[in-house]
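# Observations on the three-dimensional arrangement
Residues per chain are reported as follows:
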There are 2 protein chains.
Amino acid sequence: MASDFSEDDLIATLFAPIAGAAGLGLLDDAALIDAPDGMQIVATKDAVVAGVHFFPTDAPGDIARKALRVNISDLAAKGADPLGFLLAILLPPDLDERWLQSFAQALGEDARLFHCPLLGGDTVRTDGPLSLSITALGSAPRGRMARRTGAKAGDLIYVSGSIGDAALGLRVRAAAAADLAWIELLSDQARAHLLRRYLVPEPRLALAHAVRSLAHGAMDVSDGLAGDLAKMLRVSKVSGQVDLARMPYSLAAREAIALAPGLGDVTLTGGDDYEILCTLAPQNAGQFETAARTVGVAVTRIGEVTAGPSELPQFIEQDGAVRTFAKGSYSHF
Amino acid sequence: MASDFSEDDLIATLFAPIAGAAGLGLLDDAALIDAPDGMQIVATKDAVVAGVHFFPTDAPGDIARKALRVNISDLAAKGADPLGFLLAILLPPDLDERWLQSFAQALGEDARLFHCPLLGGDTVRTDGPLSLSITALGSAPRGRMARRTGAKAGDLIYVSGSIGDAALGLRVRAAAAADLAWIELLSDQARAHLLRRYLVPEPRLALAHAVRSLAHGAMDVSDGLAGDLAKMLRVSKVSGQVDLARMPYSLAAREAIALAPGLGDVTLTGGDDYEILCTLAPQNAGQFETAARTVGVAVTRIGEVTAGPSELPQFIEQDGAVRTFAKGSYSHF
C-alpha cells in the first residue's frame, strides 16, 4: 500500500500545493527566503515522535497540527512573524497515501491559518516510529527578538491562556489505572477540553508583536511552567515568586483538581502547554494587557521577578506556604 | 547508561561549545540570524536515518559528518555561504554519553571546517533507529542562488569530483553474496577509498562562488547522477546528452568496474555522490574551470544541454550506443 507512490509524487501532489513562494514549488534543493529590510531571522526546531509527543493512533491531521504548532509557539514567544517552515518526515511502512493526504491537508490549513507556508523538507521511510522534525523560520525587527535571558528584577511575570490543561489531557489520554477514578468522574465536556488541549496546542501568535515590543524575558511553556520559569530566571540571573492563587486554570482543569488535588502539581510540572511566559516592567503592564485584549488572547499576571542570586522560583500557596519544584519539567528526553 | 545525563546537561556540555554566535549559547528557544545586506537566506533540510543512510554501527563521528555534510553539499550546489545549522537528534536508548561525546566532537570539527556553526535544535529519546534531521541555512547575493530550474539549451554540463564511488562503497559495505567476487578481488586501497567516499562525503563548498557566478542550473548529486540530471533537465524543460567516456571515475571505481562491468550502471544510478552537477554557457566554461582549479576542486565537462521537449537525458557509450535510465535514482524513500 505504501510503496505505490514515490517521494516525487508525494511532493508534487500533496506538499507542493501548500508551499509558499520561497519554497520554489518544492522543485529545488533549497528554499530562498527574503529577510525583510531591518529584520533578523529567527529559527527554531522541534521534533515530535510517536509514543513520546503523540500517540501513534492519533488522527493524522492532529499530528500535523501539533508538529507545526509547537514550532509556531516558539516563534510567537520570541515575538517573531512566521516566514515558513521546513519539514522532515520519517514515515513508517504502515502509513499509506490516504494517511498522508489527511496529514498534508491539515498541515496546509494550519500553514494558511498561521501564515507559515511550507518551504521544503525531506521524506524518508523508516522502520521506527513516525517522527516529524520541523524548522520554523520567522523574522523580528533587528534587536527586538524577545530573549529567554532578558528577565529583570522587578518585572511582572505573565502567562497567556491557561496552564496545565495539556498535562491533564495526557493523563486522560493515557488512562493509567491510578488516574481512572478522577477521569471517570470528570464531565464529558471537561474531558474533551483537556484532550483537545493536549492534542492541538494554540500557539499565541497574535501576541507576538506585544511580546517583542514590551517583554523583557520570554519563552513558550512546553515542558511545564515550574521548570520553564526556573530556566528563564536562571539564564537571566534572577529569582522569582509566583502567586498560585493567580494561576490561570480552565474550568476543566479546576474540575479535575477538585476531584484529585494532587493534580495541582501536574499542571505546574507537566508539559505541552504552549503558552507564552514573559516578564515585563510594571509600567508596561497596562499596555500589554490592552494589547492582549485587542488580539483576543487572555494573559494573567502570576508573579514577579526578584533580584538574584538565581534560585528556584517560589510558588506561594493560598495559605502563605512556600513551595519550590526541584524537578519542575516534563522531560521529552 | 543513557539516562545519567539530562537534555540540558547534554546541550551545555557537548553542544553549546560548538554553537555559533547566532545560536545564543543554546540558552534560548530560537536562533537569531543576521541576513547580511543584499543577501537572501538559502535553507535546506535533509534527514539521515540509521539503516537507510548509514549503518547503525558506523562510528559516531562519521555519522555526524555525513549528516552535516549532505546538507552543506546542498548549500554548495546552490552557491550559498553557510550561516549555520539546526539539528534534531532522535536518540535510541543504547547510545550513551560516550557515543554522544564522539558525535559532538566530530560535528564541531566539521562545523569549524565548513564555517557552519550549530544554531539550535532538539534532542528526543526514541525506541526507533538513530535519526538526524538537519536544517542548514546559508546566504547568497539577492537573485544569485543557483536554481535547479535554470539549465538552458546549449549549456555545457559539468560535474565536480568523481562519480559512483559512494554507490560502490555502499556495495562494499553491505557485502551482499552477489558482490563478494569483485569485492574480494579489489585492492585494499580501492576498497578503503570507496568505503570512505560512502561514509564521509566531501561537500564542494569551495566551488559555491563559481557556481553562483557562472552556473545556469545546479544541484547536488545525491540520488544518482542519471536520475538527478533527469530531474534538473525536466524542471528546466530541456533535454541533454552525456558522453560516458568523459565520466570522471576514481582509480578505485575504474578498478571495480573492470572487475565487474555491470557496476558501471551502479555508478550512474546509485546515490550518495554529493558532487555538484551544473550547467553553464560555453563561453563561461574557461572561467569556471579556472575558478575550480584555483580552489582545488576537480570539475569535468560530461555533456551538453539540448533543446526540449524534456526527455530523459541520453548517455552515449564509447561505441556510439545511446542509453537512457528510466529509473536513474537510488530512492531513500
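So, how was this worked out
Residues numbered from 1 in each chain as written. Chains lettered and ligands numbered in written order. Predicted model: local features only at pLDDT ≥ 70, side-chain atom pairs only at ≥ 80, totals over all residues. Heavy atoms only, no water. Pairing = 2+ DSSP bridges. Helix = DSSP H or I, 4+ residues; strand = E, 2+ residues; numbered from the N terminus. Axes fitted to C-alpha atoms, helices over the stretch in contact; angles between N-to-C directions. Contact = heavy atoms within 4.5 Å. Buried area = accessible area lost by both parts, 1.4 Å probe. Salt bridge = Lys/Arg side-chain N within 4 Å of Asp/Glu carboxyl O. Polar contact = N/O pair within 3.5 Å; in protein donor to acceptor, adjacent residues only side chain to side chain. Nonpolar A, V, L, I, M, F, W, Y, C, P; charged D, E, K, R; others polar. Buried < 20%, exposed > 50% of the residue type's maximum accessible area, 1.4 Å probe, protein only. Domains from an automatic or database assignment.

## What to know about the sheet that holds strand S3 (residues 81-91) of chain B
Here 5 strands make up an open sheet; going across it, the order is S1(A)-S2(B)-S5(B)-S3(B)-S4(B) and the pairing mixed. Among the strands making up the open sheet, the edge pair consists of strand S1 (31-33) of chain A together with strand S4 (118-125) of chain B. Averaged over all adjacent pairs, the angle separating strand axes in this sheet is 20 degrees, with direction ignored. As judged from the 7 bridges shared by S3 of chain B and S4 of chain B, these two strands associate in the parallel manner. Residue pairing in the sheet places leucine 86 of chain B in a bridge with glycine 120 of chain B of S4 of chain B. Contacting S3 and S4 of chain B, helix H1 (residues 7-15) of chain B crosses the sheet at an angle of about 145 degrees to S4 of chain B. Lying on the sheet, helix H3 (residues 97-113) of chain B is in contact with S3 and strand S5 (131-141) of chain B; it crosses S3 of chain B at an angle near 170 degrees.

## Brief notes about the interface of chain B and chain A
Facing 59 residues of chain B, the contacting portion of chain A comprises 59 residues. Here chain B and chain A share an interface that buries about 4800 Å² over both sides, 59% of which is from carbon and sulfur atoms. Across the contact surface, chain B and chain A share 8 salt bridges. Across the pair aspartate 34 of chain A and arginine 142 of chain B runs a salt bridge, and its minimum N-O distance is 2.2 Å. Our count for the contact surface shared by chain B and chain A stands at 26 residue pairs in polar contact (both at pLDDT 80 or more). Sorting the residues of the side of chain B that touches chain A by element identifies H1, strand S1 (31-33), strand S2 (39-49), S3, S4, S5, strand S7 (217-221) and helix H8 (225-236) of chain B as the ones contributing at least two each. It is S2 of chain B that provides the largest number of residues to the side of chain B that touches chain A, a total of 9 residues. Considered class by class, the residues forming the side of chain B that touches chain A number 30 nonpolar, 12 polar and 17 charged.

## Some thoughts on the environment of alanine 106 of chain A
Residue and element names in this part refer to chain A. Here alanine 106 shows up in helix H3 (residues 97-113). Judged by its relative accessible area of 3%, alanine 106 is buried. Through-space distance from the C-alpha of alanine 106 to that of leucine 130 is 17 Å; in sequence the pair is 24 residues apart. Leaving out residues up to four positions away in the same chain, alanine 106 has contacts with Gly61, Ala64 and Arg65.

## With respect to the domain arrangement of chain A
Bring the parts together and some accessible area is lost; that lost area is often taken as the interface size. All names here are of chain A. What the domain assignment lists for chain A is domain 1 (2-141) and domain 2 (148-323). Each of domain 1 and domain 2 was reduced to a C-alpha centroid, and the two centroids are 27 Å apart. Opposite the 24 residues of domain 1 that make contact, domain 2 presents 23 residues. Both faces considered, domain 1 and domain 2 share a buried interface measuring about 2000 Å² in area, 57% of it formed by carbon and sulfur atoms. The largest per-residue losses of area from domain 1 upon contact with domain 2 belong to Phe55, Lys66 and Arg69, which jointly make up 26% of the total buried on that side. Here domain 1 and domain 2 share 5 salt bridges between them. For the interface between domain 1 and domain 2, the tally reads 11 residue pairs in polar contact (both at pLDDT 80 or more). Where the side of domain 1 that touches domain 2 is concerned, the elements lending two or more residues are helix H2 (60-77), strand S3 (81-91) and strand S5 (131-141).

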